[in-house]
Amino acid sequence: MKILVLGASGYLGMRLLDKLAATDWAQATGAARGRRNADGTTSHMRLDIRNLKALTHALNGYECVVNCVAGDFDSIANGAKTLVRAALDTKCRRIVHLSTMSVYGRTEGRVSEAALFDPQFGWYARAKCEAELHMTEFARNGGEVVILRPGCVFGSGSELWVGRIGRWLRAGRLGELGAAGDGWSNLVNVDDVCKAILAAMRLPGTQSGTLVFNLVAPDSPRWNDYFLDLALAIGATPVRRISARQLKIDSLLAGPPLKVAEKLLDKFGIQHRWLPDALPPSVARLWAQDIRLISQAATDVLALNWIRYEASLGECADWLRGCMVSG
Amino acid sequence: MITDANTVPRNACLYAEVCVIGSGAAGIALALTLSDKGKSVLLLEAGYDREDSRTQALYKGEVSNEKLHSPPDKYRQRRFGGSTPIWGGRCVPFDPIDFDTRSYVPFSGWPISYKDVSPFYPAANVWAEAGRCQYDADEVFGLASVPMIRGFVSPVVYTNSLERFSCPTNFSKRYRNRLQRAVNVRVMLGANCTAIRLQPNGQQVQGIDVATLSGNRFSVNAKMFALAVGGLETPRLLLASRDVSAAGIGNEYDVVGRYYLCHIAGSVGLLTIKGSTNVVRHGYEVAPDGVYCRRRLSLAPSEQRRLGLANMVARLHFSGIADPSHRNGVLSGLYLAKNLISYEYGKRLDDGGTATFATYLRHLRNVLTDPVDTSAFLLHWLTKHTYAERKFPSVILRNKTNRFALEINGEQIPQATSRVALIDATDELGVRRLRVDWRYSPLDIDSVRRTLDVFASEFERCNIGSFQYNRDALGEDLMRYGAFGGHHIGTARMGNDVRTSVVDANCKVHSVDNLFVAGSAVFPTSSQANPTLTIIALSLRLADHMARSLSDVVVSPTVAGLGQ
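Summary of the structure given here.

The rules behind the values
- Residues numbered from 1 in each chain as written.
- Chains lettered and ligands numbered in written order.
- Predicted model: local features only at pLDDT ≥ 70, side-chain atom pairs only at ≥ 80, totals over all residues.
- Heavy atoms only, no water.
- Phe/Tyr/Trp six-rings, centres within 6.5 Å; stacked < 30°, edge-to-face > 60°.
- Helix = DSSP H or I, 4+ residues; strand = E, 2+ residues; numbered from the N terminus.
- Buried < 20%, exposed > 50% of the residue type's maximum accessible area, 1.4 Å probe, protein only.
- Lys NZ or Arg CZ within 6 Å of the ring centre and 35° of its normal.
- Pairing = 2+ DSSP bridges.
- Contact = heavy atoms within 4.5 Å.
- Buried area = accessible area lost by both parts, 1.4 Å probe.
- Salt bridge = Lys/Arg side-chain N within 4 Å of Asp/Glu carboxyl O.
- Polar contact = N/O pair within 3.5 Å; in protein donor to acceptor, adjacent residues only side chain to side chain.

**What about the packing of aromatic side chains?**
This structure, assessed with the given rule, holds 28 aromatic pairs over all chains. Between Y284 of chain B and F392 of chain B, the ring centres sit 5.1 Å apart and the planes meet at 80°, which makes this aromatic pair edge-to-face. With Y284 of chain B in strand β12 (residues 284-286) and F392 of chain B in the loop between α12 (371-386) and β15 (403-410), this residue pair connects regions lying 108 residues apart in the sequence. When sorted by exposure, Y284 of chain B lands in the same class as F392 of chain B, which is buried. In this structure an aromatic cluster arises from ring pairing among F154, W161, W168, W223, Y226, F227 and W287 of chain A. The ring of Y284 of chain B has R294 of chain B sitting right over it, with the charged end atom 5.3 Å from the ring centre.

**Focus: the pairing of strand β6 (residues 157-165) of chain B**
Residue and element names in this part refer to chain B. By the criterion of burial, β6 is predominantly enclosed, with 7 of the 9 residues buried. Examined bridge by bridge, strand β5 (residues 90-91) and β6 share 2 bridges and lie antiparallel to one another. Bridged to C91 within β6 is R164. Note that β6 and strand β13 (residues 292-299) share 6 bridges and pair antiparallel. Within the sheet, the bridge partner assigned to Y158 lies in β13 and is S298.

**Examining the environment of L4 of chain A**
Residues and elements named next belong to chain A. Position of L4 among the secondary structure elements: in strand β1 (residues 2-6). A sequence separation of 54 residues divides L4 from A58, and the C-alpha atoms of the two residues are 8.6 Å apart. Contacts of L4, omitting those with residues within four sequence positions, involve T29, A31, M45, A58, L59, Y62, C64, V65 and V66.

**Details of the interface of chain A and chain B**
Each side of the interface is counted separately: chain A has 18 residues, and chain B has 16 residues. The junction of chain A with chain B conceals about 1,500 Å² of combined surface from both sides, 43% of it contributed by carbon and sulfur atoms. Remark: the boundary between chain A and chain B carries 6 salt bridges. One salt bridge in this structure joins E176 of chain A and R390 of chain B, with 2.9 Å as the shortest N-O distance.

**Side note on the side chain of S185 of chain A**
Residues and elements named next belong to chain A. Structurally, S185 is set in the loop between α5 (159-170) and β9 (187-189). Accessibility expressed as a relative area gives 1% for S185, which makes it buried. Polar side-chain contacts of S185 include one of 2.8 Å to the side chain of S220. Of the polar contacts made by the side chain of S185, one reaches the backbone oxygen of P221; its length is 2.6 Å.

Read these as spatial facts, not as claims about activity.
What follows is the structure, given as structure tokens:
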């Protein structure tokens, strides 16, 4: 099967290409807008998903395309729209689209794939909801779409849910949050997401044309438990109790200026590893959100054998310790 | 959802799969765990978020001897969260020996073993925010850590058993959001259960009566009911509900309210340790998980069995606070501030003697002549306790002399004559009030005495110091403040024999199929440990059992016909 992976320079895209390369049935090519991968290497074709002509040209000859594109609203929402048009113009019959649990917005409780969208949650949720709607357009026109909605994708190399969490823990800015960390983490190992993508590529076609799956490890803990486990595993001890007031100050007062500083330094090409990571208010809100994804459909249909939380945690801790050693 | 009982239509009948009465540590852990298992729960709470004097007055009652036991409206709170807004946070699991039948402890022996409860302790620790379920100092701090007393290695007296401290967590604040959001939990505040109604055959709860202080009344029907109202209110409700069982529910053999236990507690003797002050670790340590921990002295179970002793622990403590001759500014400051501290925490700062004006002056002099320690203490207390989210648990003084009293927390031996019973006086809602007649026995004091003798002998054998105490005054020392407040245990005890117990191994009232008790009322023996952690663990176990049983319940027509 010839497969094009869009967003190949990102955390998930790179890992997926490695997995695909290890199969005997897939011929995969990566494409990304940026020149370099997250790890500094270059192995993909340069392609802007919003460029219909280029994308249509690139898609020729591929049976399946995986959309892992991240970035801004335009790249996510309009990129999806362009991808659908390009796929319809070629013989590419299947799109595996990486969506997110953010499409459920502020919803709380146990959430299956049938839950309603809540695009009012922020630009990211809105972009992802819009992207999914474009995907259903592809299905309505005869294409096959598998939409995957992972929770928080973690594992070795995950900056978002391991790297910066580890730094916050070491800096004493994160720890035990009480009610503010009571939400379910909905963590899913990046390798499980890759397995789900591989399974989605090979699923038999369906009449509806669209299949949707939540992706979360069933034994994923609450955020407080994850923070405590990770802190103990990497020796960020004693784990601190963070008050709701302190978390608010960190995320609402210190967060925005730190983010601005980070962007400015980026713009001028200045290294900023010394700069503390901004703690976005949206992330602090997520830690308290009592949303628990149900991933039974993925277990049943995609035949996923989820990586145990303890194993994922060990892998994350090893990676973090390695980062610490290498500076 | 959290609602007010005054919004329920008068004389309505509410329905849920499970009705949990009481929203303390037991009730909230039980309700939310049942909810996680997909069961619909109505959680009734008599109070509101804050303490209210009129609601609290419903707890008033009599005590046979106020020197031995506090009035029943003290050390417990009738409000959302139960008594967790005022608890001290000490978490300790029971020991395996506590569950055993011990010939030398009359009426000992649980129908379940430590192995039945231990799987629930890790989760109980999480509920109580007490960190990892690790209670061995070697495991938590490593073998290389400084021991409690350097050079003291005894095969029979252990020093590596830990107690851990919750924040202390106020369950209503901590779990409010979860209760609010859970789709299948309805919390009703201001809802006082005034009676449990049985079906005519006495084997099923038909419903319960609920009243508010504003005059609303309604009833609740459920497949199952759980009383999570504490060790005093549980027997009160059972005994006061007499429409079918004349002696009260579960009281066919006059066991409800009897075998009432607290802990034998007090500060005793003088332990003098040889060497420099840094050979002793008497205060709190912070575990890697961020939880305050403290080491205690305990007696090996084999030695307890050999000598026929009840379970007991001791902490290194400062000597009496009331006598200003200690010349310690911090202690004197505490003594002077005792009237500003709540009844529950101020009580043990007073030795019961009459302080003269001169005594107060001497305490004041101690404060003024010890400004460095006093200021350092105040600063530490403000930053690490008053304004800290995880609070430094209690006052610990700098060790200047290697001289300590031993603070005892001992198991009490059950006896049927120690009891709570109803009196004729009723509360504002018409429920009969309680009279508490807590008793201890000479066996309790003797057990502490002989345990202390083992400690003293081991200190001497290891040549680390000496322990002296007044053997004749031990009873007085241990009873100076009476029963350890807040630990209300054994009044609806668990057992296999209906003649000596109220509930079975699953906490179900023997004679009633759908009535359960969550809380320390079911403990047949008190252990050395504070009860809260085991209350939570047993509540989680009860939730498992109830959820499993509910899946098998055949709904009776009486229950099925009622709607909300």
